[in-house]
Amino acid sequence: MPGLLRGVARTAVVAGTATAVSNRVSRRQAGRWAQQGQVQAPPQEYQQAPPEPAAYAAPAAAAPAPPTMDSKIEQLKELGELKAQGVLSDSEFAAQKARVLGS
């Protein structure tokens, strides 16, 4: 049971981190558009999320914007913090780091 709880907690932390990073990138981009005077409607995929399958109870995360170097650095910092807290093992950290750098 503790292994299951740790897995659920880790998933929640990773999903929360991804959501926070995605929201931060969206706010930063909206600020840039506002500064340029070219506020545009968000892409169609952000306006309405697809319906969630009934068998899946976790909240669906919005599709993140294509990662910029700033967002990759932020993700790597957050992964480093999770590893330092003991939430991620060395192998999990390496896998997530490869995923961030590969995208």
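Structural data are supplied above this passage.
This is a predicted model, so every value here is computed, not measured. (Residues numbered from 1 in each chain as written. Predicted model: local features only at pLDDT ≥ 70, side-chain atom pairs only at ≥ 80, totals over all residues. Heavy atoms only, no water.)

Things to note about the pattern of salt bridges
- Applying the stated rule across the entire model yields 3 salt bridges.
- A salt bridge links R24 to E74, with the shortest nitrogen-to-oxygen separation between them at 3.5 Å. On the criterion of sequence distance, the pair formed by R24 in helix α1 (residues 2–36) and E74 in helix α3 (residues 69–85) is long-range, its members being 50 residues apart.
- Judged by its relative accessible area of 28%, R24 falls in the partly exposed class.
- Since its relative accessible area comes to 25%, E74 is described here as partly exposed.
- Note that D90 and K83 form a salt bridge whose closest N and O atoms lie 3.3 Å from each other. (Salt bridge = Lys/Arg side-chain N within 4 Å of Asp/Glu carboxyl O. Helix = DSSP H or I, 4+ residues; strand = E, 2+ residues; numbered from the N terminus. Buried < 20%, exposed > 50% of the residue type's maximum accessible area, 1.4 Å probe, protein only.)

Concerning the nonpolar core
- Core analysis: the biggest nonpolar cluster contains 5 residues, these being L79, L82, L88, F93 and V100.
- Within the residue set of this core, elements represented by two or more residues are α3 and α4 (90–102).
- Ignoring sequence-local partners within four residues, the contact set of L79 consists of L88, F93, Q96, K97 and V100. (Core = buried A, V, L, I, M, F, W, Y, C linked by side-chain atoms within 4.5 Å. Contact = heavy atoms within 4.5 Å.)

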